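Structure at a glance
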Amino acid sequence: MTSSSSAIKSVLSFLSEICAINDSHDSWENPRKFASYAKRLHVVISQLVRSSLPEHLPASAKTSIKGIAENLKNVAASMEVYGKKSKIYVLIYCESLCLSLQEATVAIGGWLALLDSAIDEIVNPDLHKKIADLSNDMKQAQYRVTENEERVHHTLQKEGEGRPTSKIIQSAIVMDLARALGIDSNNPADLLEQVQLLKKDLACSSSVAERRILTSVERIVDNWSTETQNLAQTFDIDSDDDLHISPFKNFLCPLTKTVMKNPVVLESSLTYERAAISYWFDRCLEDGRDPTCPVTGQVLNSLEQKPNIGLAGAIEEWTNRNIENQIACAVQYLSEDSPSMEHVEKVFDNMHKITEENQLARYKVRIAGIDVLLVKFLKNFTKSMGSHVRSKGLMALLSIAKDEESKKTMLEEGVSRLTIHSLIGSSEIEREYAVRLLLELSSDEAYCAKIASEKGALVLLSSMAGNSEQPSLANLAEEVLRRMEGVEENIKHLAIAGRFEPLLNRLCEGSDDGKIEMACMVGSMTLTNSAKEQIASRSAKTLVDLLANPEGRTPSLRALHNLSCLDDNVTILVDSAVLPAITTIMFEIRDSSAEQKELAAAVIANIVSKPGQWELASADKERNLLQSESIISSLLGLLSLSSAQCQLSTLQILYGIAQSPHASESVMAHIKLCDGLKSIITFLDHAEVEHRTYAFRLTRLLSDRLGEDLANELKKSNKLHLIKNEILDTQATDGKRSDAACILANLPLSDAEVKDVLGVSFVGWIVATLKEQHRSSNLRTSRPISVMDEGLLGLLLHFTRSPDQESVNIIKEHRIMTIFCEQLVFSSKAKERKLAALGLKYLSETGRAISGGESEPQPPHGFCASLFFMCRRGSSKPSACLVHNSPCEEESQLCLLKGNCIKPLVDLLKDDDTSVQIAAVEALSTLALDTYSANFESVVDELERLGVVNAVFSLFIQARSGELQEKALWMVERMLRVENQTQKNALNQPLVRALVEAFKHGNTVTKKHAQDALTSLKQISGVSGKTSVQNRGRR
């Protein structure tokens, strides 16, 4: 087949296809117009083929046929869009399709002109005329997009840009779209069908704009369909015609689909809601096109909107009749004893609708008493209705509350309590309407006060306002609270709920009377720690300044007392100069009431309860510190002249100052100087428990430093037995018994006083108690901390210092050395380990004292002599002890070696507490006292075997200058007297360096021991700065 034949065949094929498409889909004007040209062209080409064989055609004719075929191919593609794609798809691309047809038609007209010039007019005049006429018509052809199609096309393009649309605009779009599609806009089924076809066309589309258009059109048509279906249900509460009058169709705005409130007539004679049509006009102008009537699509020459007075009157009459019917229906259902919740929900909906924007309806609802009925109904049936129905009820109340008289009535009926209960509703919508209703009710100050007085209202609102997960609810709640803050009566309620800004603003910036009132509130409230810190940081200075005002003194003291209970506030209060102001009230102002002094003392007691900044702060106008003599003297004076409560606070103050590491030494010296011990110990047997408790605590601290003075005072007042009885009192607290035990332990009692006050039986009780603690620890994964262990161990020390036979018997009977040794292992407190080590030291010293006086017993004379020797032969003699150079029994209670106490003491040399290490060194030092003994070298060898020597050497090398270094050096020097140790450590450079440093920087005693040790090591020449021969050789 020749190329010309193929081109003619293609032309005829395309023309047949185009005509077939148009015959089956002739909805669009432009395809119909081109189809008419296509039919004429088909006739022309067919006649041309019949008149001449294709291969005999001139070259120019063949070229024109090929050009026509190419253009028809493009037209066929456009016609296929018109015929097979959805109508909405065609509208999206109507302009490009129109342009494509226009260009193709003009081009084909040109090719026909070329063909015409190639055909001999004489041979075939009829064909020549047909081609010329068709060429001229096609070159002059004009395709156009209708005004409505163009409007819809531009609207859809805007939707492709993702622009938001309101309900009014959506309605206008639907009407334009329906008009362009040639379907009824009130028939949503046809519209939905077209949308589904579009969805099918765009199923594989990757264009963002196309997907946006599809999503937008789907949403708009779905909304329109829903609105159309719901038109007849605007006020449908009951199916009975006498309860509801359906609106006439002309009552509804074509754009909003709701009953019009302000109907206006346009140039097109159609009526719209004024607000809706105005919005549509603005949108048209914004899009740069002429405003139209949405229903007809008519371009309006005038935008005038004339009120439709007749229709407005008819709508008003219809509205009033419906309101009356709805009110009657509401009264009926809300008055029933067993109402249907379905009917009630509709009542709530209708009451909201008719009262939302209709003032007359709100008046009629109030006259009918529905506001009261609603509140009572919600109160009585709230448990039987779900959160959804309750939210509808709150929504109705919110609309009705816009009437001030109804609002007042509802508040009297308890609507505020009902609403507050809904703040904890199960649904977010219920909580939202509850907050909105409270916002409406809080528009008046009197109503604000009533709402705030309801239990839990402000707490719930504050919690809701701080919920960042629901910002809309939080903002509403915050607005309600802001209104509450404007009412003075609510300040306290707000503060209780955790909102302190109104209170603090008035306290810091208000009048004197206002400040006093706010201080009273702060003093009387139960505050959280965070609240105390917030208030103190803002108002501490104001409260301190208020102390100078006689009327504000007591309220301010109460507030300060409340705030001072928080440890973190101590620095804030001290920085605000609270101490000088309070001590002035306590010691200088004569007319200070008993309550003021009690509060002032209580504030200081709270401040000094823990060490802190107060130790360096001025406490009076003379800038004296709290631990100064003048302040301590004044405090001691209060113990005898003030009320019982003030006395208690004074004891607490003295205890707080005395337990401070920086103030304890000076305060105890001042107590002694001012003869305060006598005043303090009188409270040991006070009638009140708290007085006795703090008296014992303070006396315990004093006994550490003023043991001898305290002992004298206690003896004079015969209170030693009282303290012992307190230890034995099982009804007393463990803390108090521990304090009593520590007091007696710290007192320097003579042997006679120990036996008289404590007694032998008391030792058995002490040991039994300690053993019970030990047994209890074996039943647990960790040792329980006994508050009494420290005192009990201290008491045992009283029985370890005397070498008389009765004391020795007590020691052996109760195995006291074993008790001390066990405490070294099991105790978790450094003080207890220190006491146990000291106990071992005293027992070891007692053992040495006894062994020094012991000798082989002399045999009796006379008749019993023979019996004595007979008995002696059968008895076993204990082996000699290296330490005591005399027989010691296994597990002896007076020998560290036989008592297996060496290893625990060695372990104690690594303790973190220096005082414990010192006590352990002192105990071990009792093993190296007798350096001139014949077996001292054996003793040191044994100590080396047990690890004592290396441990002591290491401790000395690591110890800094001080008591621990001195004690360790004493032992080092003693051990280095043994030749074996001298030889082993001659090359111990760390030891030598430590000895040299001690010699250079130590005190007199330390230097002497270091010199002796270096002499033993033959390193003395190195002390003067010269290097010994041995050292030079090593280097």
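Residues numbered from 1 in each chain as written. Predicted model: local features only at pLDDT ≥ 70, side-chain atom pairs only at ≥ 80, totals over all residues. Heavy atoms only, no water.

Let's talk about the overall build of the protein chain
What counts is decided by this rule: For helices the rule is a DSSP run of H or I covering at least 4 residues; for strands it is a run of E covering at least 2, with both sets numbered from the N terminus onward. Only the C-alpha atoms count toward the radius of gyration. The rule for a globule is 2.2 Å times the residue count to the power 0.38. When a residue's accessible area, from a 1.4 Å probe over protein chains only, is under 20% of the maximum for its type it is buried; when over 50% it is exposed; and in between it is partly exposed. A contact between two residues is defined here by any heavy atoms of the two lying within 4.5 Å. In short, Shrake-Rupley with a 1.4 Å probe defines the accessible areas, and a residue's cover is counted only from the protein chains shown.
Scanning the protein chain from terminus to terminus reveals 54 helices and five strands. Taken over the C-alpha trace, the protein chain has a radius of gyration of 54 Å; the compact-globule value for 1035 residues is 31 Å, which it surpasses by more than 25%. Projecting the C-alpha coordinates of the protein chain onto the three principal axes gives extents of approximately 185 × 90 × 60 Å. A burial count over the protein chain gives 52% of its 1035 residues as buried. Of the contacts made within the protein chain by residues no fewer than 6 positions apart, 69% connect residues no fewer than 24 positions apart. When the accessible surface of the protein chain is summed, it comes to about 48,200 Å², and 50% of that surface belongs to carbon and sulfur atoms.

Considering the nonpolar core
How we decide: In plain words, nonpolar cores are sets of buried Ala, Val, Leu, Ile, Met, Phe, Trp, Tyr and Cys residues tied together by side-chain atoms within 4.5 Å.
In this structure, L503, W614, I657 and L795 are the most contacted members of the largest nonpolar core, which totals 173 residues. In this view, W614 contacts V570, V574, L579, I607, V608, L626, Q627, G656, I657, S660 and A663; residues no more than four positions away in its chain are not counted. Among the nonpolar cores identified, the runner-up in size contains 91 residues, and A7, C94, I169 and F281 belong to it.

Here we look at the environment of I572
By secondary structure assignment, the location of I572 is in helix α28 (residues 570-575). For I572, a relative accessible area of 23% translates into the label partly exposed. Spatially, the C-alpha atoms of I572 and R538 are 9.6 Å apart, while their sequence positions differ by 34 residues. Apart from the residues within four sequence positions on either side, I572 is in contact with E533, A536, S537 and A540.

Considerations on helix α7 (residues 147-160)
In plain terms, the rule: One less than the residue count of a helix, multiplied by 1.5 Å, gives the span that helix is expected to have.
Taking 1.5 Å of rise per residue, the 14 residues of α7 would be expected to cover 20 Å, and the 20 Å separating its terminal C-alpha atoms lies within 8% of that figure. The set of residues buried in α7 consists of N148, E149, R151, V152, H153, T155, L156, E159 and G160. Within two residues after α7, G162 carries a phi angle of roughly 80°, on the positive side.

A word on the packing of helix α13 (residues 341-356) against helix α16 (residues 387-400)
What counts here: Lines fitted to the C-alpha atoms define the axes, with helices restricted to the stretch that makes contact. Angles between their N-to-C directions range from 0 to 180 degrees. Reported orientations rely on four angle classes, namely roughly parallel under 35 degrees, roughly antiparallel over 145, roughly perpendicular from 65 to 115, and oblique for the rest. Crossings are classed by handedness, with left-handed meaning an anticlockwise turn of the near helix from the far one by less than a right angle and right-handed meaning a clockwise turn. Note that Gly is not counted as nonpolar here; it falls among the polar residues with everything else outside the nonpolar set of Ala, Val, Leu, Ile, Met, Phe, Trp, Tyr, Cys and Pro and the charged set of Asp, Glu, Lys and Arg.
It is at 8 Å that the axes of α13 and α16 come closest, and there the two elements cross at 25°. Between α13 and α16, the angle is such that the two are roughly parallel. With respect to the hand of their crossing, α13 and α16 are arranged in left-handed fashion. When α13 is examined against α16, the residues E345, F348, D349, M351, H352, T355 and E356 are found in contact with a partner set consisting of H388, V389, K392, G393, M395, A396, S399 and I400. Residue classes in the contact of α13 with α16 are distributed as six nonpolar, five polar and four charged.

Considerations on the environment of V940
For V940, the position within the fold is in helix α48 (residues 936-945). Judged by relative accessible area, which is 1%, V940 ranks as buried. Counting along the chain gives 35 residues from V940 to M975, while the straight-line C-alpha distance between them is 6.5 Å.

Topic: the state of the cysteines
A covalent bond between the sulfur atoms of two cysteines is what we call a disulfide. This is how the line gets drawn: In this description, a disulfide is simply a cysteine sulfur pair whose atoms lie within 2.5 Å.
This model, assessed by the stated rule, comprises zero disulfides. For the unlinked cysteine C94, the closest cysteine sulfur is that of C98, found at 7.9 Å. The exposure class of C94 is buried, given its relative accessible area of 5%. In this structure C508 is not part of a disulfide, and its nearest cysteine sulfur, from C520, lies 15 Å away. Note on C508: relative accessible area 21%, which makes it partly exposed.

Structural notes on the pattern of salt bridges
The condition that has to hold: In what follows, salt bridge is the name for a side-chain nitrogen of Lys or Arg lying within 4 Å of a carboxyl oxygen of Asp or Glu.
Counted under the stated rule, the structure contains 50 salt bridges. Of the charged contacts, one joins D567 and K610 as a salt bridge, the two residues approaching to 2.9 Å between their closest N and O atoms. Residue D567 is found in the loop between α27 (550-563) and α28, and its partner K610 is found in the loop between α30 (594-607) and α31 (629-641); the two are separated by 43 residues along the sequence. Of the residues examined, D567 reaches a relative accessible area of 34% and is grouped as partly exposed. One connected set of salt bridges, linked through shared partners, spans E478, E479, R482, R483, E485 and R499.

A short note on the UniProt feature "domain: U-box" (unreviewed entry) in the protein chain
Stated formally: UniProt positions are given in the numbering used here, feature names are shortened, and annotations may be inferred rather than shown by experiment.
In the numbering used here, UniProt assigns the feature "domain: U-box" (unreviewed entry) to residues 246-325. Note that residues 246-325 is 38% helix and 10% strand, and that its end C-alpha atoms are spaced 12 Å apart.

Here we look at the packing of helix α25 (residues 512-524) against α27
Following both chains from N to C, one finds α25 and α27 inclined at 35°, their axes separated by 7 Å at the closest point. Along this stretch, α25 crosses α27, giving a crossing that reads as left-handed. Residues I516, A519, C520, V522 and G523 of α25 pack against E551, G552, P555, S556, R558, A559, N562 and L563 of α27. Of the residues assigned to the contact of α25 with α27, the class counts are seven nonpolar, four polar and two charged.

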